[in-house]
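In case you want the letters, here they are:
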Amino acid sequence: MRDALLASCPLLVWIITAVQALLMLLAFRGWKRAKEPLYLLTALVALGLFYDALILSLGTLMQGGPALASLSRMRYVAHGALIPLLFPICAYTLDFSKTWKTIVWVLTGLLIAAGIAEGFATELDLREAAGLVRYASGDATPGWAKAVSGVLSYGAVVPLILAGVAVWIRQKTPLLFLSGFLMFAFSALGPATGNFDLIFFISMFGEVCMALCFLLYARRKAAK
């Protein structure tokens, strides 16, 4: 398995980047046509995932340097700014009342501010794996920034899974549950198989699944 991942990584990261771009464009087109909030939220999350994948893909062509470092910095900032939108996605799929949606948006705004600060505070170390070069969070990153990153990377997926169970029961669709479950499963697959240096790559498949499920759910919601 590891040999296959190492050999396929340089090509697959570009394919994943293209798929994320397509999902992003489809979500923006859905928002333009239907004005369904979930389309817009999906588009913004997909935008962040597309940028993340694009910068990783550039690591197959670039060997580090100031340009890649700056682009990678914005990768962390974009992650911190857009991943908290998973919480409003849960609120809209569960059809929260206006008051509760407002509360969720306030909490999301706080998380976005913390995520942006975390992105700028992260100390970047140059690393090479599977035929690509990337800048990743280094040991010198402040503890609070690592904690925020952990909340955004893993803490947001748990509410997504729980909301997905509720949506599955109430609305008879597993899409939201699958978005969170597949994201969690692919994130855990790297550590579970001992491929700690390939977590970033394996989790990209979970990100594609998550964005696709969001898009399909938004389409279902808009069709009602």
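All figures in this text were calculated on a predicted structure; none of them were measured in a lab.

Draft legend 1. Region of interest: the pattern of salt bridges. For the structure on display, the rule yields three salt bridges. A salt bridge links Arg2 to Asp197; its shortest N-O distance comes to 2.8 Å. Taken as a pair, Arg2 in helix H1 (residues 2-34) and Asp197 in the loop between helix H8 (175-192) and helix H9 (199-223) lie far apart in primary sequence, 195 residues in all. Classification of Arg2 by relative accessible area gives partly exposed; the value is 33%. The exposure class assigned to Asp197 is partly exposed, which follows from its relative accessible area of 32%.

Draft legend 2. Looking closely at a positive patch on the surface. A cluster of basic residues, Arg29, Lys32, Arg33, Lys35 and Arg219, forms a positive patch at the surface. Looking at the secondary structure, you find Lys32 in helix H1. Classification of Lys32 by relative accessible area gives exposed; the value is 67%.

Draft legend 3. A look at the pairing of strand E1 (residues 124-129). When E1 meets strand E2 (residues 132-137), the two strands line up antiparallel, connected through six bridges. Its bridge partner being in E2, Asp125 is matched across the sheet by Ala136. Taken together, E1 and the strand that follows it, E2, pair antiparallel across an intervening segment of two residues, in which Ala130 is found at a positive phi of about 55°.

Draft legend 4. Broad picture of the packing of helix H3 (residues 66-82) against helix H5 (residues 98-121). Interhelical geometry of H3 versus H5 gives an angle of 165° and a closest axis separation of 7 Å. Between H3 and H5, the interaxial angle falls into the category roughly antiparallel. The element H3 and its partner H5 pack so that their crossing is right-handed. For the pair H3 and H5, contact is made by Arg73, Tyr76, Val77, Gly80 and Ala81 and by Leu111, Ile112, Gly115, Ile116, Glu118, Gly119, Phe120 and Ala121, respectively. Split by residue class, the contact of H3 with H5 holds eight nonpolar, three polar and two charged.

Draft legend 5. Representation of H8 in the model. Between the first and last C-alpha of H8 there are 25 Å, a value that for 18 residues agrees with the 26 Å anticipated at 1.5 Å per step. Where H8 terminates, the next one or two residues include Gly194, which has phi positive at roughly 80°.

Draft legend 6. Here's a closer look at the side chain of Lys221. With respect to the element layout, Lys221 can be found in helix H9. Exposure remark for Lys221: the relative accessible area of 18% places this residue in the buried category. A polar contact of 2.7 Å, which involves the side chain of Lys221, links it to the side chain of Asp95. The residues contacting Lys221, other than those within four sequence positions of it, are Glu36, Leu38, Tyr92, Thr93 and Asp95.

Draft legend 7. Spotlight on the environment of Ala81. Note that Ala81 resides in helix H3. For Ala81, a relative accessible area of 19% corresponds to the buried category.

Draft legend 8. Up close: the side chain of Thr122. Position of Thr122 among the secondary structure elements: in the loop between H5 and E1. On the basis of relative accessibility, which here comes to 1%, the residue Thr122 falls in the buried class. Polar side-chain contacts of Thr122 include one of 2.7 Å to the backbone oxygen of Glu118.

Draft legend 9. Geometry of the packing of aromatic side chains. As enumerated under the stated definition, the model contains four aromatic pairs in all. The interplanar angle of 40° and the centroid separation of 5.5 Å between the aromatic rings of Trp168 and Phe177 together place this pair among those described as tilted. According to the relative accessible area criterion, Phe177 is buried, its value standing at 18%. With 5.5 Å between their ring centres and 65° between their planes, Phe201 and Phe205 make a pair best called edge-to-face. With Phe201 and Phe205 both in helix H9 and four residues apart, this pair spans about one turn of that helix. On the basis of relative accessibility, which here comes to 0%, the residue Phe201 falls in the buried class. The ring of Trp31 has Lys35 sitting right over it, with the charged end atom 5.0 Å from the ring centre. Between the NZ or CZ atom of Arg134 and the centre of the ring of Phe200, over which it lies, the distance is 4.1 Å.

Reading the values: the criteria
Residues numbered from 1 in each chain as written. Predicted model: local features only at pLDDT ≥ 70, side-chain atom pairs only at ≥ 80, totals over all residues. Heavy atoms only, no water. Salt bridge = Lys/Arg side-chain N within 4 Å of Asp/Glu carboxyl O. Helix = DSSP H or I, 4+ residues; strand = E, 2+ residues; numbered from the N terminus. Buried < 20%, exposed > 50% of the residue type's maximum accessible area, 1.4 Å probe, protein only. Patch = residues over 30% accessible without salt bridge, like charges linked within 9 Å, V, L, I, M, F, W, Y side chains within 5 Å. Areas by Shrake-Rupley, 256 points an atom, 1.4 Å probe, with all protein chains shown as cover. Lys, Arg positive; Asp, Glu negative; His and termini not counted. Charge placed at Lys NZ, Arg CZ, Asp CG, Glu CD. Pairing = 2+ DSSP bridges. Axes fitted to C-alpha atoms, helices over the stretch in contact; angles between N-to-C directions. Parallel < 35°, antiparallel > 145°, perpendicular 65-115°, else oblique. Left-handed = near helix turned anticlockwise from the far one by under 90°. Contact = heavy atoms within 4.5 Å. Nonpolar A, V, L, I, M, F, W, Y, C, P; charged D, E, K, R; others polar. Expected span 1.5 Å × (residues − 1). Polar contact = N/O pair within 3.5 Å; in protein donor to acceptor, adjacent residues only side chain to side chain. Phe/Tyr/Trp six-rings, centres within 6.5 Å; stacked < 30°, edge-to-face > 60°. Lys NZ or Arg CZ within 6 Å of the ring centre and 35° of its normal.

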